[in-house]
Every structure is written in structure tokens, then in C-alpha cells.
Amino acid sequence: MSSLTTLARPYARAAFEVARESGALAEWAAGLEAAAVAVSEPTMAAYLGSPQEEPGATVDMVLEALGRPGSEPFERFLVAMAEHERLPLLPRVVELFGELRQEAEQRLEVRVVSAAPLVGDQAERMKAALTRRFERDVSLDASVDPSLIGGAVIYAGDEVIDGSVLGRLRRLAGSLA
């Protein structure tokens with residue numbers, strides 16, 4: 001996946017810069033997500049894998065699949081990707097664009113997996129603590145995994161905070177081995 005990231009990163013950055021300069025981050029995010037879904041559809045993916053006549057025609061097919069025309073800069077962006085046969089990278093471009101957008105907007109999506117459901121104000125207290133720690137507006141997505149035995153594992157961007165009993169047992173077993 002790292003090679004996909006290496007190839008997709010310049011496109012994500014370029015899209016982000018154009019979207020930010022035009023004040024259209026949300027519109028670009030929605031357009032990129034829709035285009036990524038379109039190019040991931042099996043028929044379209046097979047077409048993208050075959051020799052093509054014209055990058056503009058490919059982009060027209062993608063835009064037609066979206067059911068709406070994009071802005072001129074968005075269309076030029078897709079044409080540039082098509083000219084370099086990079087449209088299949090759109091799903092990864094969407095992920096990287098989202099990360100850049102979250103960073104620019106000082107937001108962070110955090111996934112919390114706990115052994116038991118969060119009750120009462122636990123979620124709000126956790127959200128407040130994570131907001132202080134990461135100095136960003138945190139949105140919390142909580143789920144339950146009883147195999148953790150107790151505690152929780154927090155996934156925040158590239159950081160993982162394992163406060164579960166299962167994690168502690170694994171660390172203890174590792175140190176004894």
C-alpha cells in the first residue's frame with residue numbers, strides 16, 4: 001500500500017491546494033469520493049485497465065457516472081490523472097485528501113474500541129480528554145469488542161493507545177518471553 005500512497009500523495013496535495021484556494025473543500029471531497037466510487041465499479045475499473053483513446057473521454061465517462069458535471073478545475077484534475085493513468089488511485093487520493101482536510105480544519109476522527117459499551121458521560125469525558133491531548137476538535141466513533149476483556153483501544157490517526165486488559169496481557173507475555 002505504501003507505493004499506492006507514494007503515487008497518490010502528489011495528486012491529493014494538488015487537489016487539496018486547489019480546493020482550499022477556491023474555498024471548496026467540501027465540494028472537492030464529495031466529488032473525489034463520488035469519482036472514487038465510480039472508478040472502483042468493476043466495469044469502469046476494467047475499462048481503466050485497458051488501452052484508452054483519449055483521457056478526456058475517460059473523464060467524461062467518470063463524470064457521466066457521477067450524474068453531474070464537476071467544476072472546471074475538478075475536471076482538469078481528473079484529466080491530469082487520466083493522462084497519467086492514475087484514475088485507479090482515486091480511492092487512496094480520497095483518503096489522503098481527507099487527512100489533509102482534517103489537519104487543516106483542526107479535526108481528528110478517533111475510533112474507540114472498548115470491552116463494554118461506554119455509559120453515561122464516559123464518551124464525552126473521553127472526547128474532552130482527547131481534544132486536550134491532540135489539540136483538535138475530536139469526533140468519536142465508539143464500538144465494542146468483548147475480547148479486550150477490559151479497558152479500551154484508541155485509534156487516533158497514526159497513533160494507537162492500547163489501554164485494554166488484553167493489550168496489557170500481551171505486553172506482559174512479551175516481556176516474560
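Everything that follows concerns the structure shown earlier in this document.
This one's a predicted model, so the numbers in the text were calculated from it and none came from an experiment.

Rules used in this analysis
- Residues numbered from 1 in each chain as written.
- Predicted model: local features only at pLDDT ≥ 70, side-chain atom pairs only at ≥ 80, totals over all residues.
- Heavy atoms only, no water.
- Patch = residues over 30% accessible without salt bridge, like charges linked within 9 Å, V, L, I, M, F, W, Y side chains within 5 Å.
- Areas by Shrake-Rupley, 256 points an atom, 1.4 Å probe, with all protein chains shown as cover.
- Salt bridge = Lys/Arg side-chain N within 4 Å of Asp/Glu carboxyl O.
- Lys, Arg positive; Asp, Glu negative; His and termini not counted.
- Charge placed at Lys NZ, Arg CZ, Asp CG, Glu CD.
- Helix = DSSP H or I, 4+ residues; strand = E, 2+ residues; numbered from the N terminus.
- Buried < 20%, exposed > 50% of the residue type's maximum accessible area, 1.4 Å probe, protein only.
- Expected span 1.5 Å × (residues − 1).
- Core = buried A, V, L, I, M, F, W, Y, C linked by side-chain atoms within 4.5 Å.
- Contact = heavy atoms within 4.5 Å.
- Axes fitted to C-alpha atoms, helices over the stretch in contact; angles between N-to-C directions.
- Parallel < 35°, antiparallel > 145°, perpendicular 65-115°, else oblique.
- Left-handed = near helix turned anticlockwise from the far one by under 90°.
- Nonpolar A, V, L, I, M, F, W, Y, C, P; charged D, E, K, R; others polar.
- Pairing = 2+ DSSP bridges.

Q: Account for a negative patch on the surface, naming residues and giving values.
A: Judged by side-chain charge, E54, D60, E64 and E83 come together as a negatively charged surface patch. Mapped onto the fold, D60 is located in helix α4 (residues 55-66). You can call D60 partly exposed: its relative accessible area is 48%.

Q: Explain helix α7 (residues 122-134) to me, and be specific about the residues and the numbers.
A: Across its 13 residues, α7 extends 18 Å between first and last C-alpha, which sits within 8% of the 18 Å expected from 1.5 Å per residue. Two residues or fewer past α7, E135 is found with a positive phi of approximately 55°.

Q: How would you sum up the nonpolar core? Please name residues and give values.
A: Of all hydrophobic cores here, the largest spans 33 residues; its most connected members are W28, L32, F77, L78, L87, L90 and F97. Elements supplying a minimum of two residues to this core: α1 (2-22), α2 (25-40), α3 (42-48), α4, α5 (72-83) and α6 (90-104). In terms of residues, this core owes the most to one element, α2, which gives eight residues. Other than its neighbours up to four places away in sequence, L90 contacts L32, A35, A36, V39, L78 and M81.

Q: Explain the packing of α2 against α5 to me, and be specific about the residues and the numbers.
A: Running from N to C, α2 and α5 cross one another at 40°; their axes reach a closest spacing of 11 Å. By the angle class used here, α2 and α5 are oblique. Two packed elements cross with a definite hand, and for α2 against α5 that hand is right-handed. Touching W28, G31, L32 and A35 of α2 are P73, F74, F77 and L78, all from α5. Classifying every residue of the contact of α2 with α5 gives seven nonpolar, one polar and no charged.

Q: Break down the sheet that holds strand β2 (residues 137-144) for me, citing the residues and quoting the values.
A: In spatial order, the strands read β2-β1-β3-β4; together these four strands make up an open sheet with mixed pairing. For this open sheet the edge positions go to β2 and β4 (159-162), each flanked by a neighbour on one side alone. This sheet shows a mean twist of 15° between the axes of neighbouring strands, independent of strand direction. Two elements, strand β1 (residues 107-114) and strand β3 (residues 152-156), share five bridges in a ladder whose sense is antiparallel. Residue pairing in the sheet places R111 in a bridge with Y155 of β3. In the packing of α7 onto the sheet, the strands contacted are β1, β2, β3 and β4, and the crossing angle to β2 comes to about 135°.

Q: Can you tell me about the environment of A19, naming the residues and giving the values?
A: Its location among the elements puts A19 in helix α1. A19 gets classed as buried once you look at its relative accessible area, which sits at 0%. Between the alpha carbons of A19 and F97 there is a distance of 10.0 Å; along the sequence they are 78 residues apart. The contact partners of A19, leaving out residues within four places of it in the chain, are A24, L25, W28 and F97.

Q: Kindly report on unusual backbone geometry, identifying the contributing residues and their values.
A: Of note in this structure, Q106 is not a glycine but carries a positive phi near 55°. By the secondary structure assignment, Q106 is in the loop between α6 and β1. Judged by its relative accessible area of 40%, Q106 is partly exposed.

This is a description of form; function is not addressed.
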